[in-house]
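So you can see what is in the structure, the chains are spelled out below.
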Amino acid sequence: MSERPQPLKAINRLFEGKEPWQIVTMTASSVLAIVWAHSLYNAKDSVTTRMRREFFRWLRQVPLVRRKIEEKMTDIKQGFKKDVVKRLAGVNIRRELPENGLTAEQIREEVMDHLHLGAYDWKSGNVSGAIYHLNDEIVKVACEAYSQTAYTNPLHADVFPGINKMESEVVRMAVNLFHGDAQCCGTITTGGTESIIMACKAFRDLAYSKGISNPQIVVPTTVHCAFDKAAQYLGLSVKSVRVDPDTLEVDVDAVRRAVGRRTCLIVGSAPNFPYGTMDNIAALSDIAIEYDVPLHVDACLGGFLAAFMTQAGHQVPVFDFRLPGVASISADTHKYGYAPKGTSVILYRKPEYRHHQYTVTTEWPGGVYGSPTVNGSRAGGLIAACWATMMFVGRDRYVRMTDEIVRTARYVEDELRKIDGIFVFGKPATSVIAFGSKKFDIFQMADLLHKKGWSLNALQFPSGVHICITHAHTQAGVAERFVSDVSAAAAHCGRHAGEPVHGKMAIYGVAQEIPDRSLVSDITKHFIDSMYYLPEPGDENL
Ligand SMILES: *Cc1c(COP(=O)(O)O)cnc(C)c1O
């Protein structure tokens, strides 16, 4: 008999003296074990995450626990409803289509009534982000363009070729701002989230085309949650990578370790939303080249500032197509592009990537149907308004507005660094300044600022608050008022450190402490429900 190779000998030894049925059983169970292990490895969530979830699912089935949770949830839902009732006090609640239409004048009045309902004075610059400029001329030009084109639909290229042209021009102008070459291309989307979903879709399908059946995106923990949303929609798994606790920039070595066979996309933010810090895009680009995986730069927030910062005399690291690993960039025209809400751009280095963004259905009885983005019919009016805004503002004015915003942001940053009891997170790259405290509960401070009329963003893991400086904050006295309110609040909190925290902002502190994250998720869903709640008669007594 010929000599058998080593592994086969080992297998023969393993089965020596076994009955045939035992051999079959052992073979079958080892195959099942391998399949099981493979499914664990390929799962969307880690084993510990799933075990934790199972544990809480089990805990919530214990009758006493279940009853307690249900009681608490009822309270919470009532609270949300009460807030809505309070916010909508004094306006007509309409449940039926009016039998006879209202007059244009009546409509105008009712719209104004609705516009003035909110709790914050956003025109005086009290809100973080949200309102990116307050210039009436820009508003007028954009809205005029919209009113002329509101009923157009670029889906019908033969009917509205002009809208297609405007979209192409917005894309081309953006490509040039981000130093792309003639190959670079892209589309307009309805916002940053859609741009991000589109990038994830494109690179998922690119991975599919290379035979990767279970693609994964590698993202910093600080990346915008739209990537998680994209992953939920597209069936991708997410590998979150830690950020350095001091710089709040992604740990580049950890990204390198996280990249594997399944990786379809690496993401870096320029800058991220929570802390306003910019990941080391140059280092991520090197990794992207080394491992031949695409890198997406999320410049939704900062893109249209960062593109003008150098010319405005402010330093900003290179983050765009000049870096060879950058495969795509998302940038929101409806943020610092100053266009009305509803547009963003997604840009790709190569037409091949954009092809993977498209969907085409060839067998539909309604005809062969291809479309570039999520929507079928698209709002030509929003594209025209975006185009009009960019053409009206022009390069010189973008540079000036950028300078005003960044100078205000630097002023706020410098002044906050001088205030006792708080610290600024990392190095704010563009316009977001996040701060926290080691001396007192930062949410106590946020609550005081909230009472002074400031709407700030609360941050968790680690706790903090941020202000996103927009052109609304460059109005005379606004930044000074903010700094002096923070200073007074810090002094107060310093004197009352350790006291229990009250108010709306305290919720963020509490929410971080809830170990069963599915409860936080349920509460959030009830909050979303409340956005769709219409007060009923008798609700005054809630
Ligand atoms: C705003 C933002 C997004 C998402 O954009 P939307 O327009 O809100 O959908 C993505 N990334 C960052 C960093 C953002 O600030």
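Look up a bit, the structure's there.
Residues numbered from 1 in each chain as written. Predicted model: local features only at pLDDT ≥ 70, side-chain atom pairs only at ≥ 80, totals over all residues. Heavy atoms only, no water.

(A) Molecular detail of the pattern of salt bridges. On inspection of all chains with the given rule, the structure shows 22 salt bridges. The partner of glutamate 54 in a salt bridge is arginine 57, and the shortest N-O contact between them spans 3.1 Å. With a gap of three residues between them, glutamate 54 and arginine 57 both fall in helix H3 (residues 47-59), about one helical turn apart. Residue class for glutamate 54 comes out partly exposed when judged on its relative accessible area of 43%. Residue arginine 378 is joined to glutamate 167 by a salt bridge in which the shortest nitrogen-to-oxygen separation is 2.9 Å. Residue arginine 378 is located in the loop between strand E9 (369-371) and helix H14 (380-418), and its partner glutamate 167 is located in helix H7 (residues 161-177); the two are separated by 211 residues in the primary sequence. (Salt bridge = Lys/Arg side-chain N within 4 Å of Asp/Glu carboxyl O. Helix = DSSP H or I, 4+ residues; strand = E, 2+ residues; numbered from the N terminus. Buried < 20%, exposed > 50% of the residue type's maximum accessible area, 1.4 Å probe, protein only.)

(B) View of the pairing of strand E11 (residues 432-436). With five of five residues buried, E11 lies mostly within the body of the structure. Going residue by residue along E11, you find Val432, Ala434 and Gly436 tucked away on one face and Ile433 and Phe435 tucked away on the opposite face as well. Pairing of E11 with strand E13 (residues 464-468), which is carried by four bridges, proceeds in the antiparallel orientation. By the bridge assignment for E13, isoleucine 433 is matched with isoleucine 467. (Pairing = 2+ DSSP bridges.)

(C) The arrangement of the side chain of lysine 335 in detail. Tracing the backbone shows lysine 335 in the loop between strand E6 (326-331) and strand E7 (344-348). Ignoring anything within four residues of it in the chain, the contact list for lysine 335 reads Tyr132, Cys300 and Leu301. (Contact = heavy atoms within 4.5 Å.)

(D) Seen up close, the pairing of E6. For E6, a buried count of six out of six residues is recorded, marking the element as mostly surrounded by other parts of the structure. Two elements, strand E5 (residues 295-298) and E6, share four bridges in a ladder whose sense is parallel. Across the sheet, the residue bridging to valine 297 is isoleucine 329, located in E6. Once the chain exits E5 it traverses helix H12 (residues 303-309) before rejoining the sheet at E6, and the crossover so formed is right-handed. (Right-handed = clockwise from strand over helix to strand, strands pointing away.)

(E) Region of the structure containing the site of the ligand. If you check the shell around the ligand, you find 13 residues, and the closest are Gly192, Thr193, Asp298, His334 and Lys335. At a separation of 2.6 Å, a nitrogen atom of the ligand approaches a polar side-chain atom of aspartate 298. Within the contact set of the ligand, an oxygen atom lies 2.8 Å away from a side-chain nitrogen or oxygen of histidine 334. Alone, the ligand offers 370 Å² of accessible surface; in the complex the protein occludes 86% of this. Tallying contributions element by element places helix H8 (residues 192-209) first for the shell around the ligand, with three residues. (Near = heavy atom within 4 Å. Polar contact = N/O pair within 3.5 Å; in protein donor to acceptor, adjacent residues only side chain to side chain. Areas by Shrake-Rupley, 256 points an atom, 1.4 Å probe, with all protein chains shown as cover.)

(F) Here's a closer look at the sheet that holds E5. Pairing in this open sheet of seven strands is mixed, and the strands run E1-E7-E6-E5-E4-E2-E3 from one edge to the other. The sheet terminates laterally at strand E1 (185-189) and strand E3 (237-241), the two strands that pair on one side only. The average undirected angle you get between the axes of adjacent strands in this sheet is 20°. Note: strand E2 (residues 216-220) against E3, five bridges, orientation parallel. Opposite isoleucine 217, over in E3, you have valine 238 as the bridge partner. (Axes fitted to C-alpha atoms, helices over the stretch in contact; angles between N-to-C directions.)

Geometric values such as these leave the question of function open.
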